[in-house]
Amino acid sequence: MDIRTVKTQPFDDQKPGTSGLRKAVPTFQTPNYLENFIQSIFDSQDNYQGQRLVLGGDGRYYNRTAIQTILKMAAANGVGRVLVGQGGILSTPAASCLIRKYQAFGGIILSASHNPGGPEGDFGVKFNTRNGGPAPADVTEAIFAKSKEISEYKILEAEDINLDQQGETKLGEMTVEVVDAVEAYADLMASIFDFDAIRNLLSGGFRMVMDSLHAVTGPYAKEIFERRLKAPTGTVQNGEPLEDFGGGHPDPNLVYARELVETMYGDNPPDFGAASDGDGDRNMILGSKFFVTPSDSLAILAANAQLVPGYAKGITGVARSMPTSQAPDRVAKQLGINCYETPTGWKFFGNLLDAGKVTLCGEESFGTGSNHVREKDGLWAVLFWLNIIAKRGQSVEEIVKEHWQTYGRTYYSRHDYEEVDKDSANTLMDNLRSAFGNLPGKQFKGYEIALADDFSYTDPIDGSIAEKQGIRIVFKDGSRIVFRLSGTGTHGATLRVYLERYEPDSSKQNQDPQVALADLINIAHEIAQIKQLTGRDEPSVIT
Ligand code: VG1
Ligand code: CO
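Residues numbered from 1 in each chain as written. Chains lettered and ligands numbered in written order. Predicted model: local features only at pLDDT ≥ 70, side-chain atom pairs only at ≥ 80, totals over all residues.

## Section: the UniProt feature "domain: Alpha-D-phosphohexomutase alpha/beta/alpha" (unreviewed entry) in the protein chain
Stage number 1. In the UniProt entry, the feature "domain: Alpha-D-phosphohexomutase alpha/beta/alpha" (unreviewed entry) is given for residues 14-153, 184-286 and 295-407.
Stage number 2. Counted over residues 14-153, helix gives 39% and strand 24%. Its end C-alpha atoms are 15 Å apart.
Stage number 3. With 36% helix and 15% strand, residues 184-286 has its two end C-alpha atoms placed 27 Å apart. (UniProt positions renumbered as here; feature names shortened; annotations may be inferred. Helix = DSSP H or I, 4+ residues; strand = E, 2+ residues; numbered from the N terminus.)

## Details of the nonpolar core
Stage number 1. Counting residues in hydrophobic clusters, the biggest one holds 127 residues, and the most contacted among them are Val82 and Ala302.
Stage number 2. Sorting elements by how many residues they give to this core places helix H13 (residues 378-392) first, with 11 residues.
Stage number 3. Built from parts of two domains, this core gets at least three residues from each of domain 1 (3-180) and domain 2 (185-407).
Stage number 4. With near-sequence residues (within four places) excluded, Ala302 lies in contact with Ile315, Val318, Pro328, Val331, Ala332 and Leu360.
Stage number 5. Residues Tyr412, Phe455, Ile473 and Val482 belong to the second largest nonpolar core, which totals 31 residues. (Core = buried A, V, L, I, M, F, W, Y, C linked by C-beta atoms within 7 Å. Buried ≥ 20, exposed ≤ 12 C-beta atoms within 10 Å, placed from the backbone. Domains from an automatic or database assignment. Contact = placed C-beta atoms within 7 Å.)

## Here we look at the sheet that holds strand S25 (residues 480-485)
Stage number 1. The sheet built from seven strands is open, its strands ordered S20-S21-S24-S25-S26-S19-S27 with antiparallel pairing. The two strands at the open ends of the sheet, each matched to only one other strand, are strand S20 (443-444) and strand S27 (541-542).
Stage number 2. Of the strand pairs in this sheet, strand S19 (residues 409-420) and strand S26 (residues 493-503) are connected by 10 bridges, and their pairing is antiparallel. The residue bridging Tyr411 from the neighbouring strand is Arg501, located in S26.
Stage number 3. The sheet strands contacting helix H17 (residues 518-528) are S20, strand S21 (447-454), strand S24 (471-475), S25 and S26, and the helix crosses S26 at an angle near 140°. (Pairing = 2+ DSSP bridges. Axes fitted to C-alpha atoms, helices over the stretch in contact; angles between N-to-C directions.)

## Concerning H17
Stage number 1. Taken together, the buried positions of H17 are occupied by Leu520, Ile521, Ile523, Ala524, Ile527 and Ala528. All buried residues of H17 fall inside an arc of 160° around its axis, so they share one side. Pointing more than 90 degrees away from the buried face of H17 are the exposed residues Asn522 and Glu526.
Stage number 2. At the exit of H17 stands Gln529, carrying a positive phi of roughly 55°. (Arc of directions from axis to C-beta.)

## Digging into the domain arrangement of the protein chain
Stage number 1. You can read the domains of the protein chain as domain 1 (3-180), domain 2 (185-407) and domain 3 (409-542).
Stage number 2. The gap between the C-alpha centroids of domain 2 and domain 3 is 26 Å.
Stage number 3. In this assembly, 18 residues from domain 2 lie in contact with 20 residues from domain 3.
Stage number 4. For the side of domain 2 that touches domain 3, the elements supplying multiple residues, two or more each, are helix H12 (350-354) and helix H14 (396-407).

See below:
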């Protein structure tokens, strides 16, 4: 066996963000850049020799090249067997499913999620641990620490593997198993949801469209919706994964999923529309001329979980990220189940799911999931909605509006200021932090501030502490404004402003959220001096 040890120098910028290491493709193409990070992952792990690793990505540019490199490094580092998705493809939730199913010691998922791809786009590497979930902070810290002191990496001299043909090959002493990327995941979905009920719905005149945005879910969605659930061919649009996602942002929101939004708000719209992101873990749910806010989606899934066979016995609790609206909390209270508020990023849900404290989790950023895997899961959320619709016989809009009548409506919006100057964004956050002491008790447009702090979280299972997770300004009536800087961008800084207000009065639940939240939007501008510091009048993306 020809294992080569290659001398290298550390890079100082390999600190994983909210979800793995994300950089522009040319950065990953810098000699040794990818290799250093992958070696740092192996160096941070104990006792993985001879064990299984899951490997795949969202199919973006550089996916195949990176997979060949990682396979040879895995072989040189003593991994026993690598399960790699056919064509190098695995959605993030499917990778999580495989790690759990085959008791792998972890998985390497190649994706920059919703960031654009292509030679000038972004690439990313995520490491997931044994439970199938994103590596927790102590692991990403250990990887980062190794990346700062690395001096060599190991790689096998070998020919590239054929990734397109299923089956086993030897790479040195390691076995590479090219597996069907879709089957195990589709089987898992069939074990959770009432496929008969959904099949009846889809053959009974109900019209749906699933937009995979030329990203990873295309093959999964075709297998599940068109083959197993017998929806008409063509139900899945933009279903061929492309290396540059057709030039778009593979981000399922009202701005970037434009084609779908035009269909759902056009003449004679379908009953149901959905989209997912680059790596398949996000979802957007639309009814005919109707948008479901992700925070509401989590609340509605929780309130209707008993309609889904996989959750018919009841759910133990829900968890949401801090900036996600408090709509799910109201459902949890009514059901008498656990409710947790965690920092942004799916890694914070892992311990709660592993300990059985919660069954459902979600984030405002179009992420919803459950204990079936340890990642958020786009197609799972779509199936959950279809299962509810099939059982309730109501439209998306009717289900949401009835939910508001029962629990009250939480008006919610997120305003993103993308690619602003990093220093200005940091100044804005620092100014807010130094204003905390003076804010409580102050009145703005009739809203009185009750609390201002920087969110910190103590994990109830392992006691680990995550600090500085977003600035919260909470008003006496429960309304909130949250400020955070993104941890997934690759250009400048992105300021996220999250706004929410509760409206229990059903006669006032049909406003445009931007109107209903207008006062809070103005207060956010005033308190944070957004225009003065970023030079922006308006957010670049509103969701
Ligand atoms: C964003 C979202 C966060 C999500 C993360 C990863 O992070 O806000 O809720 O968990 O992306 O999603 P940030 O730090 O940019 O706000 V994904 O679909 O990239 O794996
Ligand atoms: Co994603």
